[in-house]
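Remarks on the overall topology
Each chain, letter by letter, is given below.
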Amino acid sequence: ARSRSSGVASIGRREGDPRGRTRSPGIEAGAMGNGKSVPLDTDPRCETLAPIWGPFVDAFVDTLHAKGGAVHPPPPRELRRGESRGRRASDGDADDAAKRLAEAHALRSPGSPGSVFRPAAERVVAIGDLHGDLNKATRAFRAGGLIDSHGKWIGGATVAVQVGDQLDRGGDEVAILYMLERLRKEARDAGGELIVMNGNHETLNVAGRFRYAFEPGIEDFRRWRGRQLLGAAMKAKCGEKPGGCAIVGAAAAAAAIDRKAEKNGEPRIESRGRSGNAPPPGSAPGRMYADTGPGSTMPRLAALAPGGPMAKRFLAHQPVVVAVGSTLFAHGGVLPHHVQYGLERINQETSEWIRGDAKPGPPPVHVSGGRSVVWARDYSWPQRHKCDCGVLRQTLDGLPGIDRVVVGHTIQQPEGVNAACDGRVLRVDVGMSEGCGGSEPEVLEILRDGAEIARLRWDCKGGRAVREPVTGSLGATATTVVASVAEAGVKPPEEPVN
């Protein structure tokens, strides 16, 4: 503690002062946090700190959100007029490093879902609904040979598709979103890809419908709000803007909340700082930005409503329909009228709504209602005779080159991952989250664009993946035990996940 204190005090110390007194312009040790500190970037000897302070705070807050999981920090901000780097010898190297970080950070939230139709891959792994259970999500990724015991990507060139429903029914929703974001980058760096999709529970939350959000999930977003404002306050101490630590963005939702409260004669609630006169850094006036105590859904709404910071960062670029080679993926199901409307158009309009770029109003029709791509159950009834194989054939006929569809949304128990309609539909929601029954995780594996199809589950006791046939599928392989996926060159895990 003594060394840390002396280190802070020395920042503002003048040369030749034996008593180590701090003089203006400088920083008093212990002044940070008591309202008396001078912004760090006003001290010429601290000019190198300001550009990296914001990224440091972002990485710190993101790590809190991720529950300790590693995050990829953003790059230093560009220098303002009058600022200098301090060290001139390595300016070129610093520029190159900053550029690489900036490019990686931009890919974190690309803003657009990208093309619906992606090239075929040697190996594809499909993961079902996660529903706020970080432990089960981790085990599912291990079953697929995608991560090691430390949570790092080892899937190589594998293309993994998580078919939606990261949110609701659990208390780890925020951490799961951060984990998936990190793995997207690690997969890309390794030559693979992780495609994360939106399901009906993502669109429900963006629409402000929280009936499936359990109490731990409500509190999860209250913690998110507190950590965001902590980061914004830390940045303000250095004269930096809130940036990624803001809780604002969903302007239309905030205005609607205040109008409704006013119409009902409710008193206006402001989000105020400690002084009581203005909102704290990163916040804004209004009921939605004020935390009204345990059980409040306002922090969740601020995060996930159209244009909200979590909606824009994590959900806006996630597709609701995507194809890898000859396999189509959708959370609920793709029906003939979706094909006629246009799958690219469905993704784009859904993305615009989540980003807050669309006209305020209800969700797009293709992500709401029982016949939408995220709600349809035509192909996912556990009772195979209920599956509408005729509609499925009609849908596939309208999509040349597509042979099968993978869906989540409907829990497939007690059977687990299975196929119907002569293998034309594969169902991967096994109800793994503790909020959905707590079944053991299973994932789907597709090799060589459909030449082999199997399911994988993680054997905790043996510390290995077990490959089994997919019931209902034509040409299923025999049950085998594999320490790793040989086709992908995956290194065997070092230890089981408990």
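Residues numbered from 1 in each chain as written. Predicted model: local features only at pLDDT ≥ 70, side-chain atom pairs only at ≥ 80, totals over all residues. Heavy atoms only, no water.

1. Details of the overall build of the protein
Along the backbone of the protein there are 13 helices and 13 strands. Per-residue burial for the protein yields a buried fraction of 52% across its 498 residues. Nonlocal contacts in the protein, meaning residues at least 24 apart in sequence, comprise 67% of its contacts between residues at least 6 apart. Counting only carbon and sulfur atoms, one obtains 52% of the accessible surface of the protein, whose full area is about 21,700 Å². (Helix = DSSP H or I, 4+ residues; strand = E, 2+ residues; numbered from the N terminus. Buried < 20%, exposed > 50% of the residue type's maximum accessible area, 1.4 Å probe, protein only. Contact = heavy atoms within 4.5 Å. Areas by Shrake-Rupley, 256 points an atom, 1.4 Å probe, with all protein chains shown as cover.)

2. A closer look at the nonpolar core
One finds M288, M310, L315, V321, L328, L343 and V425 to be the most contacted residues of the largest nonpolar core, which totals 63 residues. If you tally residues by element for this core, the top one is helix α9 (residues 298–304), at five residues. Filtering out sequence-adjacent residues up to four positions away, V321 remains in contact with V116, M197, L328, F329, V334, L343, N347 and V373. One finds A126, A140, M179 and L183 within the second-largest nonpolar core, a separate group that totals 46 residues. (Core = buried A, V, L, I, M, F, W, Y, C linked by side-chain atoms within 4.5 Å.)

3. Side note on the sheet that holds strand β1 (residues 117–118)
Read from one edge to the other, the open sheet built from six strands follows the order β1-β5-β6-β7-β9-β8, with strand pairing classed as mixed. Edge positions in the open sheet fall to β1 and β8 (418–420), since each of these has one partner strand only. (Pairing = 2+ DSSP bridges.)

4. Some remarks on helix α12 (residues 343–355)
In an α-helix, one full turn covers 3.6 residues, which means residues spaced three or four apart are oriented alike. The end-to-end C-alpha separation of α12 is 19 Å, in line with the 18 Å expected for 13 residues at 1.5 Å each. Of all the positions in α12, only L343, I346, N347, T350, S351, W353, I354 and R355 are classed as buried. Looking at the buried residues of α12, the elements they touch are β1, α6 (200–206), α10 (309–315), β5 (321–324), β6 (327–330) and α11 (336–341). Just downstream of α12, G356 is the residue with a positive phi angle, here 85°. (Expected span 1.5 Å × (residues − 1).)

5. Things to note about the state of the cysteines
For the structure shown, the criterion picks out one disulfide. Through a disulfide, C389 is tied to C421; the S-S separation comes to 2.0 Å. Here the disulfide of C389 and C421 is left-handed, its torsion about the S-S bond being about -85°. Note that C389 is positioned in helix α13 (residues 389–397) and C421 in the loop between β8 and β9 (425–427), a separation of 32 residues in sequence. Classification of C421 as buried rests on a relative accessible area of 10%. C387 takes part in no disulfide bond, and the closest cysteine sulfur to it belongs to C421, at a distance of 5.2 Å. (Disulfide = S-S within 2.5 Å.)

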